[in-house]
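One-letter residues, chain by chain:
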Amino acid sequence: MNASDCIFCKIASGEIPSHRVLETGDVVAFLDVSPLAPGHTLLIPKSHCESILDAPAAVVRLLSVELPGLARSIMRATGATGLNVLQNTGRSSGQAVFHLHIHLIPRRDGDGLGYRWNAGSYAGGEAEAMLSKIVGELRD
Ligand code: 5GP
Ligand code: ZN
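Conventions used here
Residues numbered from 1 in each chain as written. Chains lettered and ligands numbered in written order. Predicted model: local features only at pLDDT ≥ 70, side-chain atom pairs only at ≥ 80, totals over all residues. Heavy atoms only, no water. Pairing = 2+ DSSP bridges. Helix = DSSP H or I, 4+ residues; strand = E, 2+ residues; numbered from the N terminus. Salt bridge = Lys/Arg side-chain N within 4 Å of Asp/Glu carboxyl O. Buried < 20%, exposed > 50% of the residue type's maximum accessible area, 1.4 Å probe, protein only. Axes fitted to C-alpha atoms, helices over the stretch in contact; angles between N-to-C directions.

1. Here's the deal with the pairing of strand β1 (residues 20-23)
Sheet topology places β1 next to strand β2 (residues 27-31); 3 bridges connect them, and they run antiparallel. Bridging across to β2, Leu-22 finds its partner in Ala-29. Count of turn residues in the β1/β2 antiparallel hairpin: 3 residues.

2. Considerations on the pattern of salt bridges
By the definition in use, this model includes 3 salt bridges. Note that Glu-23 is salt-bridged to Arg-20, the shortest N-O span being 3.0 Å. A relative accessible area of 46% places Glu-23 in the partly exposed class. When the shortest N-O distance is used, the salt bridge between Arg-107 and Asp-111 registers 2.7 Å. By relative accessible area, which is 28% here, Asp-111 ends up partly exposed. Where salt bridges share partners, they join Arg-20, Glu-23 and Lys-46 into one cluster.

3. Remarks on the sheet that holds strand β3 (residues 41-45)
Ordered in space as β1-β2-β3-β5-β4, the 5 strands form an open sheet in which the pairing is antiparallel. Looking at strand neighbours, the two that pair on one side only are β1 and β4 (82-86), the edges of this open sheet. For this sheet, the mean inter-axis angle between neighbouring strands, taken without regard to orientation, is 15 degrees. Alignment of β4 against strand β5 (residues 102-107), held across 5 bridges, turns out to be antiparallel. Each residue of the ladder has a partner; that of Leu-86, found in β5, is His-103.

These values are about where atoms sit, not about what they do.
Below, the structure written as structure tokens:
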């Protein structure tokens, strides 16, 4: 997607209004328009990239720096007893807006949110085979 067609670039620039929780020179956090829970917030870089796959490490660092304080503020403000930090990468993961964003979703016991966490297991040797494949793909 071209940055000029990107809804989150337009939110970052102010062309599309949003309820801004936080703004620095490099990042913006704003309330999700369709929250999974009140206080559901999106943290984005002002510069356009699609996901963590094409984001420069420096951009991810700028987002990370804001995460702890933002998480604490959202929890205090909402009275949440938990919080999910979620980043969807790619259509298969549920990504719908292709401008990197991190969801901060306030949680409480019994709120009915959550994944179907169908945990599996590795048969003999499969974990080691997977490990060597991933480590073989690591780049700096
Ligand atoms: P994704 O599925 O891509 O990880 O999440 C995209 C999120 O962006 C969704 O939760 C959706 O509600 C939110 N969203 C989409 N368009 C807008 C918008 O124009 N304004 C705001 N504040 N949130 C949006
Ligand atoms: Zn964008």
